[in-house]
Amino acid sequence: MSDALLDLLNRYDLADRYPRLLAERYPRIISRIVDLWGTPSLSAYFEELLIMDRPDRQGFPPEVGAELMSLAFAYDNVVLPRQEQDDVWAHVNGKAQEELAQLGLMPNAKDFHTSVGRGEQQMIGLFLRAGLSIDARDEQEWTPLMRACFEGNYDMAEALIRAGASVHAQDYDGYSPLHWAALNGNEALVELLLANGARVNATSNHGFTPLIQAASCGHTKLVRGLIAVGANVAATTVDGWTALHKAVSNGHLDTCVALLDQGADPLARYQDGTTPLEIAQRGNRQQLVKLLAMAASLRQRHPEALNPASKK
């Protein structure tokens, strides 16, 4: 039994909602509920837990799911309304803000991001208790999770996701945490984000997908991995760049091979009509010219040969 959760429930006369089976079988979930109690992030976490139709989630046994639903209903309909009425958690926020001040920090997005950049996982709960959102944004509209993914800090990213950080958040230009992890070729972070529901074909404001980001930097293994889980190899940016255009432009031969293996079109046209093959020719990249010309010829003679879907 979690004494901490039971104590929180007792404050609202909700001891009868204590999820005994959930506590016995999923103690880590109980710990996270306690950590997020009193913050808006807990409602989002409950909602995430109650979504059972995702392909990567097996769901809870019916009796555990019933306990979870009962607790979530009580939190949203009893705890939060009462909290808004009498601000019973004001002292919690104040105490956390005092603790931050003692560390030379303010309860604002700037210092939260600074703490994330330092890899201080233990500070996440303190900032949340001080009233910060887990997705507090800086001047670039970055969330802490975006920063952790850009900087390649897997442990921090995992801790932020456990605390309710959104894997779907987008910055000022529409880039998500997955875009930044893919740009830097961080396979472990990409897997973590996808396992937590990130959209493999998410697009930025200009139409860039994580695959295009990875291809532009020559992250061949990641390119293959993204395609294997559903990334659209033919996706284009708003102005017509494909992943192959970007890989050719930057001279990433192995990445081009990987894309062509999965059906990328060497004659796809940018908005001005430029194809990947023409980019290779203009750049005098002879190996790429030969590769793309051969792929184009093969496609013209046997269209199905470079379309993996047609082989299924």
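Above this text sits the structure in question.
Predicted, not measured: the structure shown is a model, and the values here were computed from it.

Cut-offs applied
Residues numbered from 1 in each chain as written. Predicted model: local features only at pLDDT ≥ 70, side-chain atom pairs only at ≥ 80, totals over all residues. Heavy atoms only, no water. Helix = DSSP H or I, 4+ residues; strand = E, 2+ residues; numbered from the N terminus. Contact = heavy atoms within 4.5 Å. Areas by Shrake-Rupley, 256 points an atom, 1.4 Å probe, with all protein chains shown as cover. Lys, Arg positive; Asp, Glu negative; His and termini not counted. Charge placed at Lys NZ, Arg CZ, Asp CG, Glu CD. Phe/Tyr/Trp six-rings, centres within 6.5 Å; stacked < 30°, edge-to-face > 60°. Lys NZ or Arg CZ within 6 Å of the ring centre and 35° of its normal. Axes fitted to C-alpha atoms, helices over the stretch in contact; angles between N-to-C directions. Parallel < 35°, antiparallel > 145°, perpendicular 65-115°, else oblique. Left-handed = near helix turned anticlockwise from the far one by under 90°. Nonpolar A, V, L, I, M, F, W, Y, C, P; charged D, E, K, R; others polar.

J.: Any chance you could explain the overall build of the protein here in plain terms?
T.: A tally of regular secondary structure across the protein gives 18 helices and zero strands. Its C-alpha atoms give the protein principal-axis dimensions of roughly 75 × 45 × 25 Å. Across the protein, every contact between residues at least 6 apart in sequence was considered, and the portion connecting residues at least 24 apart equals 64%. Of the roughly 15,400 Å² of accessible surface on the protein, 49% is carried by carbon and sulfur atoms. Here the protein holds 28 positive side-chain charges and 38 negative ones, and the gap between their average locations is 8 Å.

J.: Which parts of the structure should I look at to understand the packing of aromatic side chains?
T.: Any aromatic ring pair is given by two values, namely how distant the centres are and how the planes are angled relative to each other. Evaluation of the coordinates by the stated rule reveals nine aromatic pairs. Relative to Trp180, the ring of Tyr175 lies with its centre 5.3 Å away and its plane at 45 degrees, an arrangement referred to as tilted. Above the face of the Trp241 ring, Lys246 is positioned so that its terminal group lies 5.3 Å from the ring centre.

J.: Is there a simple way to explain the packing of helix α7 (residues 109-117) against helix α9 (residues 144-151) in this structure?
T.: When two helices pack together, their arrangement is given by the angle between the helix axes and by the axis-to-axis distance. Remark: α7 packs on α9, axes separated minimally by 9 Å, with the N-to-C direction vectors making an angle of 30 degrees. Comparing the axis directions of α7 and α9 gives the class roughly parallel. The two elements α7 and α9 cross, and the hand of that crossing is right-handed. On α9, the residues touching Phe112, His113, Val116 and Gly117 of α7 are Pro144, Arg147, Ala148 and Glu151. Taken together, the residues of the contact of α7 with α9 sort by class into four nonpolar, two polar and two charged.

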